[in-house]
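# Analysis of the macromolecular model
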Amino acid sequence: MIRLAILASGNGTNAEAILEAVRDGRLDADVRVILTNRPEAGVIERARRWSIPVETVPSKGHKDRAEYDSLVVGALSHYNVDTIALAGWMRILSQVFLDAFPNRIINLHPAILPSFKGGAGIKDAYEYGVRISGCSVHLVCPELDNGPLIIQAAVPVRGTLDEFEAQIHRIEHRILPQALQWFSEGRITTDGRKVIVAEPTHPVRRTDYIEGCLVSPALEDRI
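Presented here is a report on the structure given in the accompanying data block. (Residues numbered from 1 in each chain as written. Predicted model: local features only at pLDDT ≥ 70, side-chain atom pairs only at ≥ 80, totals over all residues. Heavy atoms only, no water.)

## So, the pairing of strand β1 (residues 2-7)
Consecutive residues of a regular strand have side chains that alternate between opposite faces of the sheet. Counting buried positions along β1 gives 5 out of 6 residues, so the element sits mostly inside the fold. Handedness of the crossover joining β1 and strand β2 (residues 29-36) through helix α1 (residues 13-23) is recorded here as right-handed. Here β1 runs beside strand β4 (residues 83-86); their pairing, made up of 4 bridges, is parallel. Across the sheet, L7 pairs through a bridge with L86, a residue of β4. (Buried < 20%, exposed > 50% of the residue type's maximum accessible area, 1.4 Å probe, protein only. Helix = DSSP H or I, 4+ residues; strand = E, 2+ residues; numbered from the N terminus. Right-handed = clockwise from strand over helix to strand, strands pointing away. Pairing = 2+ DSSP bridges.)

Here it is in structure tokens:
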């Protein structure tokens, strides 16, 4: 079981998806803290509803990323966490943070990387006119949105921007807990840029096509 910290800057729907996966038995994790850089972030109220400790480390006014990350690492040190999930964390991590949790930080990005990096992946893909976009979960490295890919989902671009965004978020809520569960089971290793997910030791039902979206590797449910 992983000892998890969730970092979020916004409304916290992906944080809640993680908590729901833990509750439903789909994710073996002890969520020890939710940390935000914005005192007004909606994720704070969600964390309170779930009785999860909240740490608020305001980033406003901090121009030095390493200095700010030192404050975040210090706040997390009180919770003895071993894995970090960036779920809408709108800051680039410094080497200080990466060194504190080597190969144990994962990020959720709302596009099929390496396309449409940065904080506006959904809008950028929609306005570019692509027919398929999606979402990705990857290991975090020093370069923005450039770490080895764990799982991706391909989402057709349909309807309005709001409708497309809602579909992206629905699939995000499935692939992020799945990636964390593979971490919890100790099944993730890397070979250069390639992430290898070992076969499960228990029977699973695999689903690689949900809501009209292709997911790879397939989602797993225990049988």
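Having seen the structure, we can now continue with the description.
## Description of unusual backbone geometry
In the segment running from L113 into P114, the intervening peptide bond is cis, with an omega of 10 degrees. Among the secondary structure elements, P114 is positioned in the loop between β5 (105-109) and α5 (121-128). Look at the link from S216 to P217: it is a cis peptide, with omega at -10 degrees. Even without being glycine, S51 reaches a positive phi, approximately 60 degrees. Summarising the element assignment, S51 is placed in the loop between α2 (43-49) and β3 (54-56). Positive phi, normally seen in glycine, also occurs at F116, with a value near 55 degrees. You can see F116 is positioned in the loop between β5 and α5.

## Considering the nonpolar core
Core analysis: the biggest nonpolar cluster contains 44 residues, and I18, I106, V137, I150, I151, I175 and L180 have the highest contact counts within it. Among the elements that line this core, the one with the most residues is helix α6 (residues 161-184), at 9 residues. Discounting residues that sit within four places of it in the chain, I175 has contacts with L108, C135, S136, V137, I151, A153, V215 and L219. Grouped together as the second largest cluster of nonpolar side chains are 20 residues, L7, L35, V72 and V73 included. (Core = buried A, V, L, I, M, F, W, Y, C linked by side-chain atoms within 4.5 Å. Contact = heavy atoms within 4.5 Å.)

## Points about the pairing of β5
For β5, the tally of buried residues reaches 5 of 5 residues, placing the bulk of the element in the interior. In β5, alternate side chains face the same way, and those of I105, N107 and H109 on one face and I106 and L108 on the other are all buried. Note that β4 and β5 share 3 bridges and pair parallel. When the sheet's bridge partners are listed, I84 is paired in β5 with I105. For the segment spanning β4, helix α4 (residues 95-100) and β5, crossover handedness is right-handed. As paired strands, β5 and strand β6 (residues 132-139) are joined by 4 bridges and run antiparallel to one another. Bridging across to β6, H109 finds its partner in S136.

## Focus: α1
Within α1, burial applies to N14, A15, E16, A17, I18, L19 and A21. Looking at the buried positions of α1, the neighbouring elements they touch are β1, β2, α2, β4, β5 and α6. One or two residues past the end of α1 sits G25, with phi positive at roughly 80 degrees.

By themselves, these are just geometric observations and shouldn't be taken as functional.
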